[in-house]
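Observations on the model geometry
If you want the building blocks of each chain, they are given just below.
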Amino acid sequence: MGNRKTISRRSLLTGSAIAAGLALVRTATGQWVNALVPEKIPLDPTKQLGAPQGKMGTRSTFEKLEKIPSDTSSRTPLHLLQGTITPSDLHFERNHGGVPAIDPNQYRLLIHGMVDKPKVFTLEDLKRLPSFSRIAFLECSGNFRTGKEELTPQQICGLTSQSEWSGVLLSTLFREVGIRPGASWFLAEGSDAAVMTRSIPMEKALKDGILALGQNGEALRPEQGYPARLFLPGWEGNTSVKWIRRIEVSDQPFMTREETSRYTEKVNGKIRQFSFDMDARSIITFPTYPVSIEKGWIEIRGIAWSGRGKVIRVDISTDAGKKWQPAMLQEPVLDKAHAYFRYFWKWDGNSTEIASRVLDETGYLQPTIGQLINARGKDMGGYHLNPITFWQVKKDGRILLRPQNWK
Amino acid sequence: MKVFLFSLVTFIAVSCKDRADSYLHEGKAVSTAIPVFNVGNVSVDSFVNSWDLDIRPDGAGLPPGEATPLIGQPVFEQKCATCHGATGREGPMNVLVSTDTTATAVKGIGNYWPYATTLFDYIRRAMPYQSPGSLSNDEVYALTAWLLFQNKLINDTFKLNRISLPDIEMPARKNFIKDDRTGGPVIR
């Protein structure tokens, strides 16, 4: 009711803006949305006064950017994005007990165990500590779908996103409590309904671990761990425990369910555990299903990344993997971050397959699914699958995934 | 003011050995010592008492209590079966009971879980899914016992408690290996 009043008062002042559908109202859940769907877009926007300045920006109503949610996760529309930063509202999600609502004034972080001074930090305490920011990707280790031709990059591997993460280095935070000699692991525990837990080697924390409070210039989104989460650059997403409330320092891993029953994978009859690093991967994001192409010049575009460091090179094949040519990389290429690549290709109208593969600074070249099967066995588990993705180009210009089935 | 400056300088000098960061300013490296800010509250007991839930593989953290498998059966039927099936094998959610060790067998506690302590820890913190944290310690012992029994890891008279639980042999443990991927040219 109150919202309606606001609209009608504003509409008196800025009738044309309302007609253009750019008025903002706040919903019961506190989100800003466009009050009206555009009734009529003026033929000539230079002949009509535009909408007034607002408290919040909006996405053009013509842009239909959406994640694809399932029971367990929600995927970033990689093929609809430009550049390498994921808009925060499109960052992928993988939650184990829903998104908790946390009052920042009630928030506390407990650090205890093998420390000199166990402590409880408020959010204000954490914000007083020396700050740190970096751009990096975050990817779920279960980020692979295949099995049919009509799949978009979002459906295949939309469980990777990139943000600028801000917060406090874990090395800074741990100096406030004093790590005892012999401490080699810590438990990170979330305050969600799953009370999500992972054991993390202290070495990673001290190298480049972050207690993140911010994402792309503002506080973390609730879906990404508001008000505080772990962020471990280059490591499988579930280790970057969201909504973190407790850190227990120890001399051994805790063997929680998320590092035994889940997030481990069968490899040649064994079960591989603590597979932290995300192997290098790339994906073409244009042209891919569902777009169609026409004969002539096409800029093949996409993203490439490695959990072990920088992308050195991305190769493109336009003949189903027989020959490979290097793509251009958009500078700056950052450590453990999505890099943007481009490649000019003149399509002659014949059917073929296009693909990308990445080389990272350790010398790791993105494998084919066949190489992964050779290395891990036919019964390999579903985590850490990063094969080269081939796209079939049909004579009529349709682009379809080449499904990769092996079971 | 002077006094303040002096103490700041000694403070930084003291903490210098802990960590120094450097950055570039007009082409020259500038070193800054990151001081210990001494923020945070040291009265932690109430938080530790209510939050320190975890159970380690050696059993550290297990509460008092005891149960045998058959005590757990009705609790499972009442609180878990709608999602995990009458015997823990039927779904629709995660299959909990699986003892088959062939390569393509469905993952379950019997053929995949390396530590029995994990089961107690996880049920207590996260199940039942729609009302986590609602089970008493005795119920958790009972459900853990029943699921271990269903997975043929203990017999039906086994008394599960803080002493006996960590010693249960889990056949899958021998299959666990540490990550051997290292980057570089070899695909693993």
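Refer to the preceding data block for the structure.
These notes cover the structure that comes with them. (Residues numbered from 1 in each chain as written. Chains lettered and ligands numbered in written order. Predicted model: local features only at pLDDT ≥ 70, side-chain atom pairs only at ≥ 80, totals over all residues. Heavy atoms only, no water.)

Regarding the overall build of chain A
- For chain A, the count of helices and strands is 7 helices and 26 strands.
- Computed over C-alpha atoms, the radius of gyration of chain A comes to 24 Å, within 12% of the 22 Å expected from 2.2 N^0.38 for 407 residues, which places it in the range of a compact globule.
- Principal-axis analysis of the C-alpha atoms gives chain A an extent of 70 × 65 × 35 Å.
- Looking at chain A residue by residue over its 407 residues, the buried ones come to 56%.
- For chain A, contacts bridging at least 24 residues in sequence account for 69% of all contacts bridging at least 6.
- By element, 52% of the accessible surface of chain A is carried by carbon and sulfur atoms, the whole surface being about 17400 Å².
- Considering chain A, the positive charge centre built from 55 side chains and the negative charge centre built from 42 side chains are found 3 Å apart. (Helix = DSSP H or I, 4+ residues; strand = E, 2+ residues; numbered from the N terminus. Rg over C-alpha atoms; globule rule 2.2 N^0.38 Å. Buried < 20%, exposed > 50% of the residue type's maximum accessible area, 1.4 Å probe, protein only. Contact = heavy atoms within 4.5 Å. Areas by Shrake-Rupley, 256 points an atom, 1.4 Å probe, with all protein chains shown as cover. Lys, Arg positive; Asp, Glu negative; His and termini not counted. Charge placed at Lys NZ, Arg CZ, Asp CG, Glu CD.)

Focus on the interface of chain B and chain A
- With 54 residues of chain B at the interface, the matching set in chain A holds 65 residues.
- Taken together, both faces of the contact between chain B and chain A bury some 5200 Å²; the carbon and sulfur share is 55%.
- Broken down residue by residue, the surface that chain B buries against chain A is led by Trp51, Arg181 and Ile187 of chain B, which jointly contribute 15%.
- Here Asp180 of chain B ties to Arg272 of chain A by a salt bridge, and the two come within 3.1 Å at their closest N and O atoms. (Buried area = accessible area lost by both parts, 1.4 Å probe. Salt bridge = Lys/Arg side-chain N within 4 Å of Asp/Glu carboxyl O.)

Concerning the pairing of strand β23 (residues 339-347) of chain A
All names here are of chain A.
- Alignment of strand β19 (residues 296-305) against β23, held across 9 bridges, turns out to be antiparallel. Paired with Ile298 across the strands is Trp345, a residue of β23.
- For strand β22 (residues 328-329) and β23, the ladder comprises 2 bridges, and the chain directions are antiparallel. Across the sheet, residue Leu329 finds its bridge partner in β23, namely Phe341. (Pairing = 2+ DSSP bridges.)

Looking at helix α7 (residues 137-150) of chain B
All names here are of chain B.
- Taking 1.5 Å of rise per residue, 14 residues should cover 20 Å, and α7 covers 20 Å from first to last C-alpha, within 8% of that figure.
- The buried fraction of α7 is high, at 10 of 14 residues.
- Considering only its buried residues, α7 is in contact with β3 (66-67), α3 (69-79), α5 (109-112), α6 (116-126) and β4 (160-161).
- A positive backbone phi angle near 60 degrees is found at Lys152, which sits one or two residues after α7. (Expected span 1.5 Å × (residues − 1).)

As for the side chain of Gln392 of chain A
Residues and elements named next belong to chain A.
- Its place among the elements puts Gln392 in strand β25 (residues 390-393).
- Judged by its relative accessible area of 12%, Gln392 falls in the buried class.
- Among the polar contacts made by the side chain of Gln392, one reaches the main-chain carbonyl oxygen of Leu401 at a distance of 2.7 Å.
- Not counting chain neighbours up to four residues away, the residues in contact with Gln392 comprise Glu149, Thr352, Glu353, Arg398, Ile399, Leu400, Leu401, Arg402 and Pro403. (Polar contact = N/O pair within 3.5 Å; in protein donor to acceptor, adjacent residues only side chain to side chain.)

Things to note about the sheet that holds strand β11 (residues 197-201) of chain A
Residues and elements named next belong to chain A.
- One open sheet holds the 5 strands; their spatial order is β7-β6-β15-β10-β11, and the pairing between them is mixed. Strand pairing shows two members of the sheet lacking a second neighbour, β7 (119-121) and β11, which therefore form its edges. With strand direction ignored, the average angle separating the axes of adjacent strands in the sheet is 20 degrees.
- As defined by bridge partners, strand β6 (residues 109-113) adjoins β7 across 3 bridges and the pair is classed as antiparallel. Within β7, the residue paired with Ile111 across the bridge is Lys119.
- In the packing of helix α5 (residues 170-177) onto the sheet, contacts are made with β6, β7, β10 (185-190) and β15 (244-250), and the angle to β7 comes to roughly 130 degrees. (Axes fitted to C-alpha atoms, helices over the stretch in contact; angles between N-to-C directions.)

Description of the packing of α3 of chain B against α7 of chain B
Residue and element names in this part refer to chain B.
- Following both chains from N to C, one finds α3 and α7 inclined at 100 degrees, their axes separated by 7 Å at the closest point. Between α3 and α7, the angle is such that the two are roughly perpendicular. Contacts from Pro69, Leu70, Ile71, Gly72, Gln73, Val75, Phe76 and Lys79 in α3 reach Glu139, Ala142, Leu143, Ala145, Trp146, Leu147 and Phe149 in α7.
- Tallied by class, the residues present in the contact of α3 with α7 amount to 11 nonpolar, 2 polar and 2 charged. (Parallel < 35°, antiparallel > 145°, perpendicular 65-115°, else oblique. Nonpolar A, V, L, I, M, F, W, Y, C, P; charged D, E, K, R; others polar.)

Focus: the nonpolar core
- Within the largest apolar cluster, 41 residues are counted, with the highest numbers of intra-cluster contacts made by Ile300, Val314, Trp345 and Trp391 of chain A.
- With 6 residues, the top contributor of residues to this core is β23 of chain A. (Core = buried A, V, L, I, M, F, W, Y, C linked by side-chain atoms within 4.5 Å.)

These results come straight from atomic positions and should not be treated as a statement about function.
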